[in-house]
Structures are given as C-alpha cells and as structure tokens.
Amino acid sequence: MYSKLVERVTNMLEDSLRYSEEKLGEINALELLKKNDTEALGYFRYSLAMQAGNFLGENSEHVLEVFVCPEEADEEITATLPLTLVVRVEKHTAALASIAEALQNVLLEEYRKLLSPLADNLALFLKVYFVDEDDFLRRKGLAAAVGSLYAPALRVWRRSFV
Amino acid sequence: MGHRHKKRCSLFKRYPVALFYRKLLEAFDLDGFLPQVAFLLREAVPEIDAAVVYLYDNAGKRLVPVSACGCELKDVREVHFETETSLVGKAFSRGRPFLQREQEAAKVLAQYFKPASCAHFRPGQIVSLFCVPMDLSDGTRFGCLLFFSAAKNTFSPRRAAFLKRAAKIMGLFIYKAQTLKQSQEKKYSSLVCTLSHELRTPLTCIKGYATTLLSREGQWSRDEEQEFLKIIDAEADTMKELINDLMDSSMIESGLLSVHKEPVLLPRIISKAVDDARLRTTKHKFVVSIPRDFPVIEADPVRTRQVLDNLLENAIKYSPEGGLIVVQCRIDRGEVILSVADEGMGIAPEHLNRLFEKFYRVKSDLAGTGLGLPVACEIVEKQGGRIWAKSTPGKGSTFYFTLPLTPMDQVPEEEECPVEETNHPGC
C-alpha cells in the first residue's frame, strides 16, 4: 500500500465539505465555512476528524482509538480554531510521529487554500497528541479528556478488536 | 609575525612537553609515527646523543626496539625484560626510571648495541644512560625509552621530569593506537567473514537454480522456469549491490567518490525509490509527503537515489514484522530535509553515534556489510548536506538527510506548500 498524503488530504477536505452539505441540506457548505457558520464548521470539523483518525488508524496498527477534543463551552467555533485529536496508541513509534507531523503540515496548507483569505494567517490547524496505554490508564495529560465528565472527547475512530 | 614566532618558539622551548604532545596529536597512525619518536625526543633534548624506543612483546617476553635516533635501529639489540643486569630490563620490570653513569661507554653500550655501533667510543669515555618505562595510570606497561648522553648533566631533574612526562604521553598514545589497530583488525576479520557469507549465499542460490534449469532430468513448466529466473535475477541484484557498496567504500577510502550535481526533481526520485521499495515487501505500508510545486534543486540524481534506497532498505530490514514507513520531504531554512521513519526495532543510544562508521553493524545477525550508511553519509556530505538519525529502542527510527537549496531554487517560506507531487516530468 502506498499512500500519497496530499491526494489523501485533498480527498478528506472534499469529503468533509460533502458531508457538511448533506447534513445542512444541499447548501454550499464552503460559503458557510468562509462566513464562520458554527453549524457548518461543526459538521465539517467532525467529518475531518473522523477521516484524519481513519487515516492514522489504517496506516499504523499501533493506533487503537482516535478522539477529537471538544471545544470549551465558552469557546466559539471559528474557521481558525485548531482541531485537536487525541490518538490512543499501543506504542508511540517514530513513523507515527512522522505521519502526524506530515498530516498537520499538509492539512494546514490545504485548509489555508480552501478557506483563503480567512485562514491565510493560520499557523496551526490540526493538533495530534499521542497517548499510550500507560497515559491512558493513568488519565495523564490529554488522556484525561477521553473520560472527562465535563467535556468528554468524542471517539471518531476505533480499531475493531478494541 | 617574526616576534610572534619567536614568542611561540620560546614557549615551546620552555614547555617541550607541549611541542612533543602537539607532534603526537598530529601523528596519523602508530606505524607511521613510531620511527619518528626517537627523533622528536632528541629534538626536545638536544644533549641526548642517542635515543631508543622499546615496545614490549608479550609473546616473546622481550623488549623490541622500534625506533632509534643517533644510531641505526638495525644495530640495536632486543632486551629480555627480566634481565635485571640491563637498565632497560630493570626499568621495565620495576616500573620506574633509572639513571646510570658509566666510565666505560663501549663496555656498557655493548649490552644494547651490536659491536659495530660501539666502535666509535673512546676508552674511558663517560656516558649517562637514562631509561623510563612507558605505562598507563593502571600500571599497564608498554615499553621503555632509553637515552644515552656523553654530556654532563643531561638528565638533570628538570629534563628527567620532561622525559618521564613524554613517556607517559607515549604510553597513552601507544595504548590508544594499539587498541584502535586491534579493533580495526577485528573489524577487518569480521568483514571478511561477513563478505564471504554475504557473497556465498546469493551465489549458492544462483548456482542451485541455474543447475536446476540446465538439468535434463527435470521437465520444468514455463511458470516454474520464470520463477527460477526471477530468483536468479534477484540474487544477482543482491550481489551487485554488495559489490557496489564495496566499490563505493574503496572510493571513499581513496577520496575518489565524486558527485555530479545537475538540476533534479526530487519528488520524482522519491516516488521511484518508494515504488521500488514497495516491490521488496508486502508487510509494510508507505506514506509519502512531498511539498507541492517542489523546486528543481541541484543534486546528483543517482547518488541521492542511492541514499534513499539505503534508508528505505534499512527501514524494511529493521522492521521485519512490517508496519508503517513514512517518507517526508520538506524545505526548511534554505535546505531540503528528507526523512524516512519506521516502526521497527529502533536503535539503542550507544549505537546511534557509531551508525555512520564503516563496517559498524547494529545487528550482526541481519544481512548487510555495515557500508551502506557510511557511503550514504559520504554522498550527502559531498553534496553539502548532513545526515543523522533519531531513534528509541522498540519504537522505530527516523533517518534524516539534507540537501542544500541553491539560491535560484529557494522559495520564500510562506509560499512553501506541503503537498506531494504526482505529475512532474522526468528528471
């Protein structure tokens, strides 16, 4: 299997736009995103998180689950708000670190282009955090967000045997 | 300039150890340096008429002269180290310096030199002998320095102190050089063993399948013939790679490895290297990330591909269970940074610094000569780049190398756009 990242990210963004349009009822989602429409952004970000999680999970067998961190209650969803993924892994490998870095960079550039000029100055869009089994069991760092009662992280992908 | 030179000369005159030490540091290897030692010592203390350096030969329990000045080395006798009657034997066995003044030079020198060398001493001529053992702080002794002088007070306490320090430095140098030589010899014999094995394995395979195909007894189907020929082809490739590594290694050794820079499209080279790597494994998944609109850079396409092939081959070899391999290429601060990351067994910190040494192998049970990374390192550095690795045992490794962007290639940071190429024309 040979995955070219840019093609994959382009498809992720297109699919997320399509998903938002389906949910919104055949409305031009891109226009709404550019107007910082909260509902459109919500659908778009959720779909993007699912696909990013799916991409990480299908490429590395060490990925067990992927969660998306919810926005703070008083935080307004805007097109420039970073998207945070918490990836539960069996072990944090060099290749996982590299793929996450590449995904963050490529997604940032493609997202900037998609939502230009709104996102032209965006420096960071996707944040990927890896938590291993030890962190997960001890609810250390962002692993605590997974079981949080106040604002639980939402699972967007899981390996079938988990 | 002249004043500064004078000042430096007087400094070295005051501190002859510093001069001696500097010359030792400039020495390339023990074999090349040993013959000069006696000359250096005599240069530092001009009152010395003759100096001899002895090294201890453990097998023969004797002290063998290896360097001499003021006399012919061939005329210097070997000394049995247990001979307490000789100054050399005494100094070596007791581990401390000895000074001896003799009325009859010719008589005493006969212990150390063949008769022809002693002929020029007049009867009754006084000679002073000073012998210092060369040892390490742990007491390991390597040999002795023996000095002769017909002048008075040559071995004053100050000079004796210098000669003792010189002997200490020499001991340390010889110990280091001998350890290095032994390690190189060990590596060499291990290499010969590895090479024989590495060459014999594919050769046996080629011979076996070729004989099978030529055999008149077997009636092979076309598919079977094709399969045999594919194996022969693959094994011949393995042998070719091995021989190429050896040739590159010898080219590095002789300084003949050259790179021929030309405008290249790196994305095309990366894509081809990954495509070929995919054919060699079914257990691994590959992800490639290359910036969109990647500039044309000045590099050697064949050699750059060779480096990439080596890193990909290692990533596959050192993750035998399979897993993800990520190839990233990006532009940062005026250079192209390429990385290959895997999910393999990783490398322990003590091995990381030695990865680019020739013949150094992390896992001796896996195929390889220990030449791939040193050759890659030389290629990258010849192109003005750097190469390094990061790794955690059990969590995989990431190898990085850089290639410089020439001024015409450079794109402003804000225009850089990490996307991966698909439709670039050929390099």
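Residues numbered from 1 in each chain as written. Chains lettered and ligands numbered in written order. Predicted model: local features only at pLDDT ≥ 70, side-chain atom pairs only at ≥ 80, totals over all residues. Heavy atoms only, no water.

Enquirer: Teacher, can you tell me more about the nonpolar core here?
Expert: For soluble globular proteins, nonpolar side chains are generally found buried alongside one another. Counting residues in hydrophobic clusters, the biggest one holds 52 residues, and the most contacted among them are Leu103 and Tyr111 of chain A. With 12 residues, helix 4 (residues 94-114) of chain A is the single largest residue contributor to this core. Grouped together as the second largest cluster of nonpolar side chains are 44 residues, Leu257, Val274, Ile297 and Ile379 of chain B included. (Core = buried A, V, L, I, M, F, W, Y, C linked by side-chain atoms within 4.5 Å. Buried < 20%, exposed > 50% of the residue type's maximum accessible area, 1.4 Å probe, protein only. Helix = DSSP H or I, 4+ residues; strand = E, 2+ residues; numbered from the N terminus.)

Enquirer: Could you clarify how one ought to interpret the interface of chain B and chain A in this entry?
Expert: In this assembly, 32 residues from chain B lie in contact with 27 residues from chain A. Taken together, the two surfaces of chain B and chain A that pack against each other cover about 2400 Å², and 53% of this comes from carbon and sulfur. Here chain B and chain A share 10 residue pairs in polar contact (both at pLDDT 80 or more) between them. Looking at the side of chain B that touches chain A, the elements that each hand over two or more residues are helix 9 (266-279), strand 8 (284-289), strand 10 (323-332), strand 11 (335-341) and strand 13 (397-404) of chain B. Per-element tally for the side of chain B that touches chain A: the top contributor is strand 8 of chain B, with six residues. (Contact = heavy atoms within 4.5 Å. Buried area = accessible area lost by both parts, 1.4 Å probe. Polar contact = N/O pair within 3.5 Å; in protein donor to acceptor, adjacent residues only side chain to side chain.)

Enquirer: For this particular structure, what's the right way to read the sheet that holds strand 4 (residues 126-132) of chain A?
Expert: Whenever strands of a sheet pair, they do so through backbone hydrogen bonds, lying parallel or antiparallel. All names here are of chain A. Reading across from one edge, 4-3-2-5 is the order of the four strands in this open sheet, with mixed pairing throughout. Strand pairing shows two members of the sheet lacking a second neighbour, strand 4 and strand 5 (154-158), which therefore form its edges. Strand-to-strand twist across the sheet, computed as the mean angle between neighbouring axes with direction ignored, equals 25°. Here helix 3 (residues 38-59) sits on the sheet in contact with strand 2 (63-68), strand 3 (83-89), strand 4 and strand 5, set at roughly 35° to strand 5. Against the sheet, helix 4 touches strand 2, strand 3 and strand 4, its axis set at about 165° to strand 4. (Pairing = 2+ DSSP bridges. Axes fitted to C-alpha atoms, helices over the stretch in contact; angles between N-to-C directions.)

Enquirer: Before we go on, may I ask you to explain the pairing of strand 2 (residues 62-69) of chain B in this structure?
Expert: All names here are of chain B. With seven bridges connecting them, strand 1 (residues 50-57) and strand 2 associate as antiparallel partners. When the bridges of strand 2 are listed, Ala51 appears paired with Cys69. What sits between the antiparallel neighbours strand 1 and strand 2 is a turn of four residues, in which Lys61 has the positive phi angle 50°. As defined by bridge partners, strand 2 adjoins strand 3 (residues 79-80) across two bridges and the pair is classed as antiparallel. Counted as the bridge partner of Leu63 is Val79 from strand 3.

Enquirer: Looking at this structure, how should I read the packing of aromatic side chains?
Expert: Aromatic rings considered in pairs are described by the distance between their centres and by the relative angle of their planes. Residues and elements named next belong to chain A. Applying the stated rule across the entire model yields 12 aromatic pairs over all chains. Arranged with centres 6.5 Å apart and planes meeting at 75°, the rings of Tyr19 and Tyr43 form a pair that is edge-to-face. Highlighted residues: Tyr19 in helix 1 (residues 5-24) and Tyr43 in helix 3, separated in sequence by 24 residues. The exposure class assigned to Tyr43 is partly exposed, which follows from its relative accessible area of 26%. (Phe/Tyr/Trp six-rings, centres within 6.5 Å; stacked < 30°, edge-to-face > 60°.)

Enquirer: Explain the confidence of the model for chain B here, please?
Expert: Parts of the model with low pLDDT should not have their predicted coordinates read in detail. All names here are of chain B. In this model, chain B carries a mean pLDDT of 80, and residues with pLDDT of at least 70 account for 81%. Of the regions scoring below 50 in pLDDT, residues 8-12 engages in three contacts with residues more than four places distant in sequence or in other chains. Note on residues 412-427: pLDDT under 50 across the span, and 51 contacts to partners over four residues away in sequence or across chains. Here the complex is predicted with pTM 0.62, and the ipTM for its interfaces comes to 0.89. (pLDDT = per-residue confidence, 0-100.)

Enquirer: How should unusual backbone geometry be read in this particular structure?
Expert: Working note: non-glycine residues mostly have negative phi, and peptide bonds are mostly trans. Residue and element names in this part refer to chain A. The amide bond that connects Ser116 to the next residue, Pro117, takes the cis arrangement and shows omega of 5°. Among the structural elements, Pro117 can be located in the loop between helix 4 and strand 4. Residue Asn36 is not a glycine yet carries a positive backbone phi of 60°. By the secondary structure assignment, Asn36 is in the loop between helix 2 (29-34) and helix 3. Even without glycine at this site, Arg139 takes up a positive phi of about 50°. By relative accessible area, Arg139 is classed as partly exposed at 44%.

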